[in-house]
Amino acid sequence: MALQGIRVLELAGLAPGPFCGMVLADFGARVVRVDPPRARGDVSFLGRGKRSLAVDLKRPEGAALLRRLCRQADVVLEPFRHGVMEKLQLGPEILQRENPKLIYARLTGFGQSGRFSRVAGHDINYLALSGVLSKIGRSGENPYAPLNLLADFGGGSLMCTLGILVALFERMRSGKGQVIDASMVEGTAYLSTFLWNSQQTGLWERPRGQNMLDGGAPFYTTYRTADGGFMAVGAIEPKFYKLLIKGLGLKSDELPNQMSMNDWPEMKKRFADIFAEKTRDEWCQIFNGTDACVTPVLTFEEVTQHDHNKERGSFIYDEDQGVSPCPAPRLSDTPALPSSKRGPFIGEHTEEL
């Protein structure tokens, strides 16, 4: 695997840090999760492929143990607010003095500087401060957060993973580690670069929920079917839109222009009425195999049984037959090989480590 031989110490935290550590483990890194005794939280949800060491870092002997481990580590993944590790005498200045090759990844909501760096927050707060939350929501309603995926895992976990991989690559040339300041606010804002750069084109000129890609367009939204299911429609390009219209049993020359935004609300109602006449399976029979960009909205229970996902092996099972998504992306020569064993219990490998 691509990260074989890379040693990671993941200081236990909530979801963003553990997911970053799990990605590294899936691609071959040896990840040790450093848990506080009697830890709480979701540390077991994202523990695949890791080992667990329980140690009280607030005690001098616990801090000394972590420093000793860091001398042989490649990466430390730290999820605490600014200043916490410095109080424990475990900040990057101390650890990198003993191991100059150490990459010290700091994954936080607001980053290591600025007036919010020492205050608490969650995904919705980071999303709000990034500006992205203002763009998400239905017309005339409050903004709403799309679960906790965007800031926690997109702007947080994956951006931090990218930073670690870039730092590992750079270390091959310089032989030195560095500190990664991964802010979920900034990571989420970076993900929204397309929104910033496309504002001048008029793509987002209307209020929230009334633009082409935020639910305002009749050809880029979801519709309820006769059996209570849903279909997702993404027929943006004219050639795809024509196939959508054909599948709905309509004629293009009898409809307003596709990009006539003033007609979108009425067109959405018309499309909704048509979708409500057939079941989801019936619509799948009509649109499957076409380029109309119309697909069923699958539940977690259904997604593993979908033909496309089954053909690709997009989901994997652990030893207890629990299901989870397959690591992505796929590498041709050094693919991820995720562990099928359960995540570690807190402190399960303390004596061994």
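Under the annotation held in an unreviewed UniProt entry, the protein chain carries the name Alpha-methylacyl-CoA racemase and is attributed to Suricata suricatta. A UniProt comment under Sequence similarities (unreviewed entry) is attached to the protein chain, and it reads "Belongs to the CoA-transferase III family."

A. Looking closely at the packing of helix 6 (residues 149–174) against helix 7 (residues 184–191). Two numbers describe how helix 6 lies on helix 7: the axes approach to 8 Å, and their chain directions differ by 95°. Between helix 6 and helix 7, the angle falls in the class roughly perpendicular. Residues Leu150, Ala151, Asp152, Gly154, Gly155, Gly156 and Met159 of helix 6 form the contact with helix 7, whose participating residues are Met184, Gly187, Thr188, Tyr190 and Leu191. For the contact of helix 6 with helix 7, a count of residues per class yields six nonpolar, five polar and one charged.

B. Structural detail: unusual backbone geometry. Here the residue pair Ala328 and Pro329 is connected by a cis peptide bond, since its omega of 0° sits within 30 degrees of zero. Among the structural elements, Pro329 can be located in the segment after strand 11 (323–325). Positive phi values are uncommon outside glycine, yet Leu147 reaches one of about 55°. Its location among the elements puts Leu147 in the loop between helix 5 (123–130) and helix 6. Even without a glycine there, the phi angle at Cys293 is positive, about 60°. Its place among the elements puts Cys293 in the loop between helix 11 (280–287) and strand 9 (294–296).

C. View of the pattern of salt bridges. If you walk through the whole model with that rule in mind, you get 13 salt bridges. Here Arg280 and Glu302 are joined by a salt bridge, their closest N and O atoms 2.8 Å apart. With Arg280 in helix 11 and Glu302 in helix 12 (residues 300–303), this residue pair connects regions lying 22 residues apart in the sequence. On the basis of relative accessible area, Arg280 is assigned to the buried category, the value being 13%. Taking the relative accessible area as the measure of exposure, Glu302 reaches 28% and is therefore partly exposed. Taken together, the shared-partner salt bridges connect Arg7, Asp74 and Arg171 into one network.

D. View of the sheet that holds strand 2 (residues 30–35). The six strands are arranged 3-2-1-4-5-6 in an open sheet whose pairing can be described as parallel. Looking along the sheet, the strands with just one partner apiece sit at the ends: strand 3 (50–54) and strand 6 (179–183). Averaged over all adjacent pairs, the angle separating strand axes in this sheet is 20°, with direction ignored. Alignment of strand 1 (residues 7–11) against strand 4 (residues 75–78), held across three bridges, turns out to be parallel. Opposite Leu9, over in strand 4, you have Val76 as the bridge partner. Helix 1 (residues 16–26) contacts strand 1, strand 2, strand 3, strand 4 and strand 5 (103–108) of the sheet and is inclined by roughly 165° relative to strand 1. Along the sheet face, helix 6 touches strand 4, strand 5 and strand 6 and points at about 165° away from the line of strand 5.

E. Quick look at the side chain of Gln258. By the element assignment, Gln258 lies in the loop between helix 9 (238–247) and helix 10 (264–275). Take Gln258: its relative accessible area is 11%, and that puts it in the buried class. With residues up to four places along the chain from it excluded, the contact list for Gln258 reads Phe219, Ala235, Ile236, Pro238, Tyr241 and Trp264.

F. Region of the structure containing helix 7. When helix 7 is considered as a whole, its buried residues turn out to be Met184, Val185, Gly187 and Thr188. Mapping the buried residues of helix 7 onto a view down its axis gives an arc of 165°, with all of them on the same face. Across helix 7 from its buried face, at more than 90 degrees, point the exposed residues Glu186 and Tyr190. Here the buried face of helix 7 lies against helix 1, strand 5, helix 5, helix 6 and strand 6. One side-chain oxygen of the residue at the start of helix 7 lies 3.3 Å from the amide nitrogen of Val185, identifying that residue as Ser183.

G. Molecular detail of the packing of aromatic side chains. The tally for this structure, following the rule as stated, stands at nine aromatic pairs. A ring pair is formed by Phe19 and Phe153, whose centres lie 5.5 Å apart and whose planes are at 85°; its orientation type is edge-to-face. Residue Phe19 is located in helix 1, and its partner Phe153 is located in helix 6; the two are separated by 134 residues in the primary sequence. Take Phe19: its relative accessible area is 22%, and that puts it in the partly exposed class. In this structure Phe153 comes out as buried when scored by relative accessible area, which is 16%. Seen in terms of ring centroids, Phe110 and Tyr126 are 5.0 Å apart; in terms of plane orientation they differ by 85°. Their pairing is edge-to-face. Linking Phe110 in the loop between strand 5 and helix 5 with Tyr126 in helix 5, this pair joins segments that are 16 residues apart in sequence. The class of Phe110 is buried, set by a relative accessible area of 14%. Among the aromatic side chains, those forming a connected cluster through ring pairs are Tyr223, Phe271, Phe275, Trp283 and Phe287. The positively charged end of Lys278 is found above the aromatic ring belonging to Trp283, 5.1 Å away from the centroid.

Calculation notes
- Residues numbered from 1 in each chain as written.
- Predicted model: local features only at pLDDT ≥ 70, side-chain atom pairs only at ≥ 80, totals over all residues.
- Heavy atoms only, no water.
- UniProt positions renumbered as here; feature names shortened; annotations may be inferred.
- Axes fitted to C-alpha atoms, helices over the stretch in contact; angles between N-to-C directions.
- Helix = DSSP H or I, 4+ residues; strand = E, 2+ residues; numbered from the N terminus.
- Parallel < 35°, antiparallel > 145°, perpendicular 65-115°, else oblique.
- Contact = heavy atoms within 4.5 Å.
- Nonpolar A, V, L, I, M, F, W, Y, C, P; charged D, E, K, R; others polar.
- Salt bridge = Lys/Arg side-chain N within 4 Å of Asp/Glu carboxyl O.
- Buried < 20%, exposed > 50% of the residue type's maximum accessible area, 1.4 Å probe, protein only.
- Pairing = 2+ DSSP bridges.
- Arc of directions from axis to C-beta.
- Polar contact = N/O pair within 3.5 Å; in protein donor to acceptor, adjacent residues only side chain to side chain.
- Phe/Tyr/Trp six-rings, centres within 6.5 Å; stacked < 30°, edge-to-face > 60°.
- Lys NZ or Arg CZ within 6 Å of the ring centre and 35° of its normal.

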